[in-house]
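The lines below spell out each chain.
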Amino acid sequence: MKYVFFCLTVLTIALIPSSKNETADAYSIALVRNVLATHSTGVITSWTQKNLPRLGDEVSIDILKIFSDRDLAQPRTVESFLPIIDEAFSEPQFISLDANKKPQITMLLLEHLLSRIADPVVRQQIKQTITYVKTQTDKLAANSKS
């Protein structure tokens, strides 16, 4: 039942018209694909360091567009993108769109992964990512109230 709810939620969000144009969407997907490709080799570019923290919640939407449901059930795949989610929320004050400062899709994705992944090490990494994203976005919310 959780799986059906997750799929329906993601599908609904994907169908909502975005305020960004298709070029911007393709740009962020290309960025995430590039980071996935280079991250596994240990290469970090200044372009990545500058642009990835501007994505916030959008990174999870891009991950859902890049990977199939079957891929998302693979611990190695999940391990490959958890650091990217962390990086996307590393500087939440720099996230370009206000809507992406709230990790709604990211939390749905991470909770979904917890229900699918059995590997205890990867489950712990997912939990750490959840904690990190919540901490980062809570700090941003506290600073904006000041």
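First, a word on what this report is: a plain description of the structure on this page. Not measured: the values here are computed from a predicted model. (Residues numbered from 1 in each chain as written. Predicted model: local features only at pLDDT ≥ 70, side-chain atom pairs only at ≥ 80, totals over all residues. Heavy atoms only, no water.)

1. Considerations on the overall build of the chain
The helix and strand inventory of the chain stands at eight helices and zero strands. Put simply, the chain runs from its N terminus to its C terminus through helices and strands in the order α-α-α-α-α-α-α-α. With 146 residues in all, the chain has 38% of them scored as buried. Sequence separation of at least 24 residues holds for 73% of the intrachain contacts in the chain that already meet a minimum separation of 6. (Helix = DSSP H or I, 4+ residues; strand = E, 2+ residues; numbered from the N terminus. Buried < 20%, exposed > 50% of the residue type's maximum accessible area, 1.4 Å probe, protein only. Contact = heavy atoms within 4.5 Å.)

2. A look at the packing of helix α6 (residues 75-88) against helix α8 (residues 120-145)
At their nearest, the axes of α6 and α8 sit 10 Å apart, and the two run at 20° to each other. As summarised for this structure, α6 and α8 are arranged roughly parallel, according to the angle between their axes. Here the hand of the crossing between α6 and α8 comes out left-handed. Listed contacts from α8 to P75, V78, E79, L82, I85 and D86 of α6 are V122, Q125, I126, T129, Y132 and V133. Each residue belonging to the contact of α6 with α8 can be placed in one class, and the counts come to eight nonpolar, two polar and two charged. (Axes fitted to C-alpha atoms, helices over the stretch in contact; angles between N-to-C directions. Parallel < 35°, antiparallel > 145°, perpendicular 65-115°, else oblique. Left-handed = near helix turned anticlockwise from the far one by under 90°. Nonpolar A, V, L, I, M, F, W, Y, C, P; charged D, E, K, R; others polar.)

3. Things to note about the side chain of T129
Tracing the backbone through its elements, the reader meets T129 in helix α8. Overall, the relative accessible area of 2% leaves T129 in the buried class. In this view, T129 contacts L82, I85, D86 and L110; residues no more than four positions away in its chain are not counted.

4. Comments concerning the environment of R54
In this structure, R54 sits in the loop between α3 (46-51) and α4 (58-66). Overall, R54 belongs to the partly exposed group, its relative accessible area being 35%. For the pair R54 and E91, spaced 37 residues apart in the sequence, the C-alpha separation amounts to 7.8 Å. Contact partners of R54, with chain neighbours within four places excluded, come to F94, I95 and S96.

5. Quick word on the packing of aromatic side chains
Scanning all chains against the criterion turns up one aromatic pair. Seen from their ring centres, F67 and F81 are 5.6 Å apart, and the 35° between their planes marks the pair as tilted. One end of the pair, F67, is in the loop between α4 and α5 (69-72); the other, F81, is in helix α6, and 14 residues separate them in sequence. Take F81: its relative accessible area is 0%, and that puts it in the buried class. (Phe/Tyr/Trp six-rings, centres within 6.5 Å; stacked < 30°, edge-to-face > 60°.)

6. Details of the nonpolar core
One finds V59, I63, F81, I85 and I126 to be the most contacted residues of the largest nonpolar core, which totals 32 residues. Broken down by secondary-structure element, the contributors of at least two residues to this core are α2 (22-39), α4, α6, α7 (104-116) and α8. Residues contacting I126, with those up to four places away along its chain left out, are V78, L82, L110, L113, L114 and I117. (Core = buried A, V, L, I, M, F, W, Y, C linked by side-chain atoms within 4.5 Å.)

7. A word on the environment of A118
Summarising the element assignment, A118 is placed in the loop between α7 and α8. What makes A118 exposed here is its relative accessible area of 69%. Between the C-alpha atom of A118 and that of A73, which follows or precedes it by 45 residues, the distance is 9.2 Å.

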